[in-house]
Protein chains: 2
Amino acid sequence: MQRGSDCLPLSHLDPCGSETFPPPQKHEVNSPGAPAGVSRMRQTVIFYLSYLLGVALSLACLVCVCVWSARWRGGFAWDGSGLQFNWHPVLMVAGLVVLYGNGAVLYRVPLTWGQNKLPWKLLHAALMLLALVLSVVGLCAVFGFNNANNIPNLYSLHSWIGIAATALFAMQWVAGLAVFLLPCSPTSLRKLLKPVHVWLGGGILSLSIAACISGINEKLFFVLKASAGGAQPYSALPPEALLANSLGVLIVAFGLVVFFILSNQKWQRPDSRPEELAYTPLLQEENE
Amino acid sequence: MQRGSDCLPLSHLDPCGSETFPPPQKHEVNSPGAPAGVSRMRQTVIFYLSYLLGVALSLACLVCVCVWSARWRGGFAWDGSGLQFNWHPVLMVAGLVVLYGNGAVLYRVPLTWGQNKLPWKLLHAALMLLALVLSVVGLCAVFGFNNANNIPNLYSLHSWIGIAATALFAMQWVAGLAVFLLPCSPTSLRKLLKPVHVWLGGGILSLSIAACISGINEKLFFVLKASAGGAQPYSALPPEALLANSLGVLIVAFGLVVFFILSNQKWQRPDSRPEELAYTPLLQEENE
């Protein structure tokens, strides 16, 4: 059932007990009864199917939120009107959910494993920075709309959860840059903070999803009301409500796929391959 | 830095790559530079602090939601009125969040590790069954209220996410009973489904939290409106809004603590201790 030696040298163990736990051997022993190559191939196929499903759900979320804002809510502007508000759902879904989720699973793509980690660290940081910028612009859109229309800011639970998600995201990005990219940060700090970075990363995605669901729900109650002109209320589930509810379901489905990919230990990047590491200041702790 | 031998026998590896990955050794090697006993003690202290924080947040959530329904919303009844609706937030928070989250981290309590797993499996199943029953009664409360007041059921995104969380929870409980408790289920099926059970368990908690946040947000917009009698709208953040928003924050904080406990591999139950296992039909796959 198992190929290779009968023991794993303890020197390969990651001291922080995180994702670098001896991956090459994990891939060999995880499917008793099946040859290791077949098991590895099956894992790769399941990963890419999950990853493609995540990409498809990402695109579906973006299409849905853009169609909702552009087709049903009148389009976009930056003039303090409702058209400025329309940037808010688009930018929050694009930044805090779609880009964030795709940035989170980047290290899991097997295609990236044969190369140094540094370019992927930089891409992870860049994707997350872009996600953060989109989210902050999305917040500016709603603050500007509220201020222009004398609506108080930050009173609803939706806004509390959304602002907490964005603030934690900003802190997480700055801490990630300082601890995992800057060459001066000590190894012990990286080892200490990596599990916290991974846990808080998942927590921020959960908060983002909760903020999206409550925001879509709130918006539909605000705008879908019965009128003398024959407009249907939210409770009659008119086409706009179906579309926006479906957007919420797509966001939740995307989050579940991201958590599925992150939860599978077999899909973690095999970082403990010392032969891949060459010394440069930034690469000195490449296998953290 | 490390005590014990220099290699781990591969025969101790859990074939499904899940939480039974050689735990006794993990505890020994995860803190280079510190004696293993000190490291283990520090992990135990951090676990119990996190666990106590989770218990404190559980109690705070229950107190908050009960005070909200009893003091601000008029109390409880089962007569189709708003007093029947008041059971809905209390039972959903108690079942789908508090009991569910505490049931999820049960296996992480080190006090339970020195004993056979079966009683804890049964307690896990019982806690989850109680959580499911409370959730279903909580859904009955709102369906009864809606039906008595000619309000359509299941149109809002909040209701879609909430019903999906409860339905997935029911499926997860039945599948968990069939696969992990009934003695007739094959070992290969247990190994295949355990990671799915763990992932879906976390996903259901995320959905529950999203449903709670959107439900609290929606309820506050419904009931807190400016009136000639001087009632303050939600946007003025009256005391009731502060209380219910705080309930949402407590729910999110509880969820983050649960995910923190679940994400730490060092706190997983060391199931691969064959000396603990005695044969009975239910115990035959105790280390799954």
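As recorded in an unreviewed UniProt entry, chain A goes by the name Lysosomal membrane ascorbate-dependent ferrireductase CYB561A3, listed as coming from Amphiprion percula. Under the UniProt heading Catalytic activity (unreviewed entry), the note attached to chain A is "Fe(3+)(out) + L-ascorbate(in) = monodehydro-L-ascorbate radical(in) + Fe(2+)(out) + H(+)".

**Q** What's the story with the overall build of chain A in this structure? I'm lost.
**A** Per the secondary structure count, chain A includes 8 helices and 1 strand. Mapped from its N terminus to its C terminus, chain A presents α and β elements in the order β-α-α-α-α-α-α-α-α. For chain A, the accessible area works out to roughly 12000 Å², and carbon and sulfur atoms hold 71% of it.

**Q** What exactly am I supposed to notice about the packing of aromatic side chains here?
**A** Any pair of aromatic rings gets described here by the distance separating the centres and the angle formed by the planes. With the rule as written, the count across this model stands at 24 aromatic pairs over all chains. Judged by centre distance (4.9 Å) and plane angle (75°), the ring pair of Phe221 of chain B and Tyr234 of chain B falls under edge-to-face. Separated by 13 residues along the polypeptide, Phe221 of chain B in helix 7 (residues 187-223) and Tyr234 of chain B in the loop between helix 7 and helix 8 (239-263) bring together distant segments of the chain. You can call Phe221 of chain B buried: its relative accessible area is 16%. Assessed through its relative accessible area of 1%, Tyr234 of chain B is described here as buried. What links up through ring pairs into an aromatic cluster is the set Phe47, Tyr48, Tyr51, Phe260 and Trp267 of chain A together with Trp199 of chain B. Geometry around Trp72 of chain B places Arg71 of chain B over its ring, the cationic atom sitting 4.7 Å from the centre.

**Q** I keep staring at the packing of helix 2 (residues 36-72) of chain B against helix 8 of chain B and nothing clicks. Help me out?
**A** The relative placement of two packed helices comes down to the angle between their axes together with the axis-to-axis distance. All names here are of chain B. Two elements in contact, helix 2 and helix 8, have axes whose closest approach is 9 Å; the angle formed by their N-to-C orientations is 155°. Between helix 2 and helix 8, the crossing angle belongs to the class labelled roughly antiparallel. Pair helix 2 / helix 8 crosses with left-handed handedness. Of the residues that constitute the contact of helix 2 with helix 8, the class distribution is 22 nonpolar, 3 polar and 1 charged.

**Q** I'm lost on the UniProt feature "transmembrane region" (unreviewed entry) in chain A in this one. Help?
**A** All names here are of chain A. Sequence positions flagged by UniProt for "transmembrane region" (unreviewed entry) are, in local numbering, residues 45-70, 90-110, 122-145, 157-184, 196-216 and 242-263. Spanning residues 157-184, this segment combines 89% helix with 0% strand, and its end C-alpha atoms are found 40 Å apart. From the first C-alpha to the last, residues 242-263 spans 31 Å; its make-up is 100% helix and 0% strand.

**Q** Please explain the environment of Val90 of chain A as it appears in this structure.
**A** Looking at where Val90 of chain A falls in the secondary structure, it is placed in helix 4 (residues 87-104). Using a relative accessible area of 8% as the deciding quantity, one classes Val90 of chain A as buried.

**Q** Would you take a moment to explain unusual backbone geometry for this structure?
**A** Working note: non-glycine residues mostly have negative phi, and peptide bonds are mostly trans. All names here are of chain A. For Asn150, which is not a glycine, the phi torsion comes out positive at approximately 55°. Tracing the sequence through the fold places Asn150 in the loop between helix 5 (118-148) and helix 6 (157-181). Positive phi values are uncommon outside glycine, yet Leu154 reaches one of about 55°. A relative accessible area of 36% places Leu154 in the partly exposed class.

**Q** Just checking my understanding: could you explain helix 4 of chain A for this structure?
**A** Counting along an α-helix, one turn takes 3.6 residues, and residues three or four places apart therefore face a common direction. Residues and elements named next belong to chain A. For helix 4, built from 18 residues, the straight-helix expectation of 26 Å at 1.5 Å per residue is met to within 8% by its first-to-last C-alpha distance of 24 Å. Its axis deflected by about 30° at Ala94, helix 4 carries its strongest bend there. Burial analysis of helix 4 places 17 of its 18 residues in the buried class, which makes it a mostly covered element.

**Q** Could you clarify how one ought to interpret the pattern of salt bridges in this entry?
**A** As a working rule, side chains carrying opposite charge can pair if their charged atoms are close by. Residues and elements named next belong to chain A. All chains considered together, the criterion is met by 2 salt bridges over all chains. Glu240 serves as the salt-bridge partner of Arg73, at 2.8 Å between the closest nitrogen and oxygen. On the criterion of sequence distance, the pair formed by Arg73 in the loop between helix 2 (36-72) and helix 3 (82-85) and Glu240 in helix 8 (residues 239-263) is long-range, its members being 167 residues apart.

**Q** Honestly, the confidence of the model for chain A in this entry has me stumped. Any pointers?
**A** Close inspection of predicted coordinates is inappropriate for parts of the model with low pLDDT. Residue and element names in this part refer to chain A. Per-residue confidence for chain A gives a mean pLDDT of 85, with 82% of residues at or over 70. Note on residues 1-31: pLDDT is under 50 here. Beyond four places in sequence and across chains, it has 89 contacts. Across residues 272-288, where pLDDT falls below 50, the model places 38 contacts with residues more than four positions away in sequence or in other chains.

**Q** What is the right way to look at helix 7 (residues 187-223) of chain A in this model?
**A** The end-to-end C-alpha distance of helix 7 of chain A is 52 Å, a good match for the 54 Å that 37 residues give at a rise of 1.5 Å each. The largest bend in helix 7 of chain A amounts to roughly 35° and is located at Leu193 of chain A, with the proline Pro195 of chain A lying one to four residues further along.

**Q** What am I meant to see in the environment of Ala210 of chain B here?
**A** If you trace the backbone, Ala210 of chain B turns up in helix 7. Sequence separation between Ala210 of chain B and Ala165 of chain B is 45 residues, and the spatial gap between their C-alpha atoms is 9.6 Å. Apart from the residues within four sequence positions on either side, Ala210 of chain B is in contact with Ala210 and Ile213 of chain A together with Ile161 of chain B.

**Q** Where do I start with the packing of helix 4 (residues 87-104) of chain B against helix 8 of chain B in this structure?
**A** Residues and elements named next belong to chain B. At a minimum axis distance of 10 Å, the contact between helix 4 and helix 8 shows a crossing angle of 20°. Considering the angle they form, helix 4 stands roughly parallel to helix 8. Helix 8 is crossed by helix 4, and the crossing has left-handed handedness. Residue-level contacts link Val93, Val97, Val98, Gly101, Asn102 and Ala104 of helix 4 to Ile251, Phe254, Val258 and Leu262 of helix 8. Split into classes, the residues belonging to the contact of helix 4 with helix 8 amount to 8 nonpolar, 2 polar and no charged.

**Q** Help me understand the environment of Leu57 of chain A in this model?
**A** All names here are of chain A. Its location among the elements puts Leu57 in helix 2. Classification of Leu57 as buried rests on a relative accessible area of 11%. Spatially, the C-alpha atoms of Leu57 and Ile251 are 7.7 Å apart, while their sequence positions differ by 194 residues. In contact with Leu57, not counting residues within four places along its chain, are Leu250, Ala253, Phe254 and Val257.

**Q** Before we go on, may I ask you to explain a nonpolar patch on the surface in this structure?
**A** All names here are of chain B. The grouping of Phe76, Trp78, Trp87, Leu129, Val133 and Val137 at the surface amounts to a nonpolar patch, some 510 Å² of accessible area in total. Ranked by the residues each element gives to the nonpolar patch, the list is headed by helix 5 (residues 118-148), at 3 residues. Along the chain, Val133 turns up in helix 5. Residue classification places Val133 among the partly exposed residues on the basis of a relative accessible area of 42%.

**Q** How should I be thinking about the side chain of His88 of chain A in this particular structure?
**A** Mapped onto the fold, His88 of chain A is located in helix 4. Discounting chain neighbours no more than four positions away, the residues touching His88 of chain A are Gly138, Leu139, Ala141, Val142 and His158 of chain A.

**Q** How should I be thinking about the state of the cysteines in this particular structure?
**A** In protein structure, a disulfide is the covalent linkage between the sulfur atoms of two cysteines. Residue and element names in this part refer to chain A. All told, the structure shown has 0 disulfides over all chains when counted by the stated rule. Counting only cysteine sulfurs, Cys64 is the nearest neighbor of Cys61, a cysteine outside any disulfide, at a range of 7.3 Å. Cys64 supplies the cysteine sulfur nearest to Cys66, a cysteine that is in no disulfide, at a spacing of 9.7 Å. Classification of Cys66 by relative accessible area gives partly exposed; the value is 33%.

What counts and how
- Residues numbered from 1 in each chain as written.
- Chains lettered and ligands numbered in written order.
- Predicted model: local features only at pLDDT ≥ 70, side-chain atom pairs only at ≥ 80, totals over all residues.
- Heavy atoms only, no water.
- UniProt positions renumbered as here; feature names shortened; annotations may be inferred.
- Helix = DSSP H or I, 4+ residues; strand = E, 2+ residues; numbered from the N terminus.
- Areas by Shrake-Rupley, 256 points an atom, 1.4 Å probe, with all protein chains shown as cover.
- Phe/Tyr/Trp six-rings, centres within 6.5 Å; stacked < 30°, edge-to-face > 60°.
- Buried < 20%, exposed > 50% of the residue type's maximum accessible area, 1.4 Å probe, protein only.
- Lys NZ or Arg CZ within 6 Å of the ring centre and 35° of its normal.
- Axes fitted to C-alpha atoms, helices over the stretch in contact; angles between N-to-C directions.
- Parallel < 35°, antiparallel > 145°, perpendicular 65-115°, else oblique.
- Left-handed = near helix turned anticlockwise from the far one by under 90°.
- Nonpolar A, V, L, I, M, F, W, Y, C, P; charged D, E, K, R; others polar.
- Expected span 1.5 Å × (residues − 1).
- Bend = angle between axes of the 7 residues up to and from the residue.
- Salt bridge = Lys/Arg side-chain N within 4 Å of Asp/Glu carboxyl O.
- pLDDT = per-residue confidence, 0-100.
- Contact = heavy atoms within 4.5 Å.
- Patch = residues over 30% accessible without salt bridge, like charges linked within 9 Å, V, L, I, M, F, W, Y side chains within 5 Å.
- Disulfide = S-S within 2.5 Å.

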